[in-house]
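What follows is the residue order along each chain.
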Amino acid sequence: MSDRIITISRQFGSGGRTIGRQLGEKLGLRCYDQEMIERIVEQSGFTEDYIRQHGEYAEHGFFAGLASAGYYGTSNQDLIWTLQCRTIREIAEQGPCIIVGRCADYVLRDEKKLLKVFIHASEDYRAKRIVEVYGERTETPEQRIKEKDKARAAYYRFYTDMKWGASRNYDISLDSETIGLDNCVDILARIYQNMD
């Protein structure tokens, strides 16, 4: 695999995707997020919305749990996980890049020059941001944040057997509210440029 890859995991609404894009522009690296979804769509035949929902979030409910556990054979989510892992590895082999989400930190954990980043912020900051940036309804942004983060954490736990957001699983964790998105980009750029 190629060297110097950045993976960005993030709480919903924390700006991790934006940081990834801006960091890619600053460093001249490709940032994979939407394009990764498109590749998985091509390989799987599932719709983009389906991949977006099931490629990073755990399915809920008793029957979803049975399917994931293999009682009904391989689940769609397991198929997506397999394709997602393959896609992440293929992207990493093409050269230095940034990969947002999708457990890329875990998939590429044996990569020698991997910078694993986690972006977080307070719930109030994220609630305000998802209304302003994503156009979410103003009535229940906190509930949406809780649901998204809970589903991401469950997905991460299921496929990696590790705790999502735990500092020991990342090289650096940044508070995008306190530090600011632009400063997060600058900090990560400096670290990346000094990686051996």
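Let us look at the structure shown here. (Residues numbered from 1 in each chain as written. Predicted model: local features only at pLDDT ≥ 70, side-chain atom pairs only at ≥ 80, totals over all residues. Heavy atoms only, no water.)

**With respect to the packing of helix α5 (residues 76-93) against helix α8 (residues 141-160)**
Between two packed helices, both the angle of their axes relative to each other and the distance between the axes serve to describe the pair. Here is the rule: Axis definition: a line fit to C-alpha positions, over the contact stretch in the case of helices; interaxial angles, taken between N-to-C directions, run 0 to 180 degrees. Helix numbers and strand numbers start at the N terminus; a helix is a DSSP run of H or I with at least 4 residues, a strand a run of E with at least 2. For classification purposes, angles smaller than 35 degrees are called roughly parallel, those larger than 145 roughly antiparallel, those between 65 and 115 roughly perpendicular, and all remaining angles oblique. Here, residues are in contact when the closest pair of their heavy atoms is within 4.5 Å. Residue polarity follows a fixed list, in which Ala, Val, Leu, Ile, Met, Phe, Trp, Tyr, Cys and Pro are nonpolar, Asp, Glu, Lys and Arg are charged, and the others, Gly among them, are polar.
At a closest axis distance of 12 Å, the pairing of α5 and α8 adopts a crossing angle of 75 degrees. Judged by the inter-axis angle, α5 sits roughly perpendicular to α8. The residues of α8 that touch α5, namely those facing Q77, D78, W81 and Q84, are Y155, F158 and Y159. Grouping the constituent residues of the contact of α5 with α8 by class yields four nonpolar, two polar and one charged.

**Topic: the nonpolar core**
Quick reminder of the rule: Residues grouped as a nonpolar core are buried Ala, Val, Leu, Ile, Met, Phe, Trp, Tyr and Cys residues, joined through side-chain atoms within 4.5 Å. Buried residues are those whose accessible area, probed at 1.4 Å on protein chains only, stays under 20% of the maximum for their type, while exposed residues exceed 50% and partly exposed ones sit between those limits.
Core analysis: the largest hydrophobic core is formed by 28 residues, its most contacted members being W81, I88, I99 and L108. It is α5 that contributes the most residues to this core, seven residues altogether. Residues within four places of I99 in sequence aside, it is in contact with I6, T7, I8, Y32, M36, I88, I91, A104 and L108. Of all hydrophobic cores here, the second largest spans 19 residues; its members include I6, I98, I172 and V185.

**Thoughts on helix α2 (residues 34-44)**
Which entries qualify depends on this criterion: The directions from the helix axis to the C-beta atoms are what the arc is built from.
The set of residues buried in α2 consists of M36, I37, R39, I40 and S44. One side of α2 holds all its buried residues, which, seen down the axis, span an arc of 160 degrees. Just downstream of α2, G45 is the residue with a positive phi angle, here 85 degrees.

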